[in-house]
There are 2 protein chains.
Amino acid sequence: MKLTSKGRYAVMALVDLARFNNINPVSLRDISLRQGISLDYLEQIFSKLRKKEIVQSVRGTQGGYVLNKKAKEIKLTNIFDAVDEKVKTVQCKKDSKKGCNGKATKCLTHNLWDELENHINNFFDEKSLEDLVKDNFERRV
Amino acid sequence: MKLTSKGRYAVMALVDLARFNNINPVSLRDISLRQGISLDYLEQIFSKLRKKEIVQSVRGTQGGYVLNKKAKEIKLTNIFDAVDEKVKTVQCKKDSKKGCNGKATKCLTHNLWDELENHINNFFDEKSLEDLVKDNFERRV
DNA sequence: AGATACTTGACTATTTTAGTCAGGTTTATA
DNA sequence: TATAAACCTGACTAAAATAGTCAAGTATCT
């Protein structure tokens, strides 16, 4: 089980963005330079973040991106969701009423994966962008 | 982020094994049939489980596998570890003394991924094979 | 007008996953 | 002792996912 770069980059970029947010739109170019992430890749990522209304874009010179909500209201869940980084533990198809994979009963470990999924999602639900920025600021002092 | 089949299969197979453990060695063929996992793939998985001393093999006719420890003492951590299913969140190389990726400071989200890793591992550390077998038995009653 | 920066979609190399396949070795039992 | 059940090992591979790149725009500030 591995977290993908896309998810990590999205979070890194948003933390970077959040730190400068109050002043001006932040250009992807700046984020790219500061965080060492390819500009083209960032564009893909921000396109998704925009569609999910996590950021707003400002076109033209001096343009860039701005948070679309307060940092406090942006949870990790939202970010991962936007870039299609879902936690997925169970493959069992749920269409058959009670069982997994067409069998009559749930597979031996069905509940386990459900629990795990909840456990991880709880973590993501609780952490907000604001938390991350704060944590970062404090470490630096 | 996705759990791979190898990890899921390993856990499923061990739960299956644990249920019959007290009587006789359980053959992979039986597990394969009951759980719908390819025999060849199971062999790969059990080879790893054996090397990490989670199971013991009994060769020859009527042979199979037996748990090498009490179900209570086998934690999910051990299982995932054995089949190389580690939770890996951070890519940052740790060799540079304080920073990530050769930079002077930790990357903006370093602590976050560490926390997440711990959060997930806590879950794995606490769940034992026994818990899973019990949970399964209770559901069935 | 020109530069900056967003926007979109197609393309691709690499890696990982999820197995398969082939050819063993060991041992209980008929 | 022959044979079949079952473990054991390593090499191979198709398919999917990942991590990007590339190209060709469009919008807007100065």
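Our structure is the block above this text.
From a predicted model like this one, the values you see are computed outputs, not experimental measurements.

Asks: Can you help me understand the protein's contact with DNA strand D in this one?
Replies: Neighbouring DNA strand D are 27 residues; Ser38, Gln44 and Arg59 of chain A together with Ser57 and Tyr65 of chain B lie closest to it. Counted by atom, the contact set of DNA strand D within 4 Å of the protein is 63% sugar and phosphate. In this structure, a phosphate oxygen belonging to DNA strand D sits 3.2 Å away from a main-chain N or O atom of Leu28 of chain B. When residues of the surface near DNA strand D are assigned to their parent elements, the largest contribution, four residues, is made by helix H3 (residues 39-51) of chain B.

Asks: Help me out: how do you make sense of unusual backbone geometry in this one?
Replies: Leaving glycine out, the prevailing phi sign among residues is negative, and the prevailing peptide bond configuration is trans. Residues other than glycine seldom take positive phi values, yet Glu53 of chain A does so here, at roughly 60°. Examined against the element boundaries, Glu53 of chain A turns out to sit in the loop between helix H3 (39-51) and strand E1 (55-58).

Asks: What's the story with the interface of chain A and chain B in this structure? I'm lost.
Replies: One frequently used descriptor of interface size is the decrease in accessible area upon assembly of the parts. Taken together, the contact between chain A and chain B spans 40 residues of the former and 40 residues of the latter. For the pairing of chain A and chain B, the buried interface totals around 3,900 Å² over both sides, and the portion due to carbon and sulfur atoms is 62%. Looking only at chain A, the three residues that lose the most surface to chain B are Met1, Leu108 and Phe123 of chain A, adding up to 23% of its buried area. At the surface where chain A touches chain B, the tally comes to two salt bridges. Residue Lys127 of chain B pairs with Glu115 of chain A through a salt bridge whose shortest N-O separation is 3.1 Å. Put simply, chain A and chain B have four residue pairs in polar contact (both at pLDDT 80 or more) between them. Elements that contribute at least two residues to the side of chain A that touches chain B include exactly helix H1 (5-20), helix H2 (28-35), helix H4 (76-82), helix H5 (110-126) and helix H6 (129-140) of chain A.

Parameters and conventions
- Residues numbered from 1 in each chain as written.
- Chains lettered and ligands numbered in written order.
- Predicted model: local features only at pLDDT ≥ 70, side-chain atom pairs only at ≥ 80, totals over all residues.
- Heavy atoms only, no water.
- Near = heavy atom within 4 Å.
- Polar contact = N/O pair within 3.5 Å; in protein donor to acceptor, adjacent residues only side chain to side chain.
- Helix = DSSP H or I, 4+ residues; strand = E, 2+ residues; numbered from the N terminus.
- Contact = heavy atoms within 4.5 Å.
- Buried area = accessible area lost by both parts, 1.4 Å probe.
- Salt bridge = Lys/Arg side-chain N within 4 Å of Asp/Glu carboxyl O.

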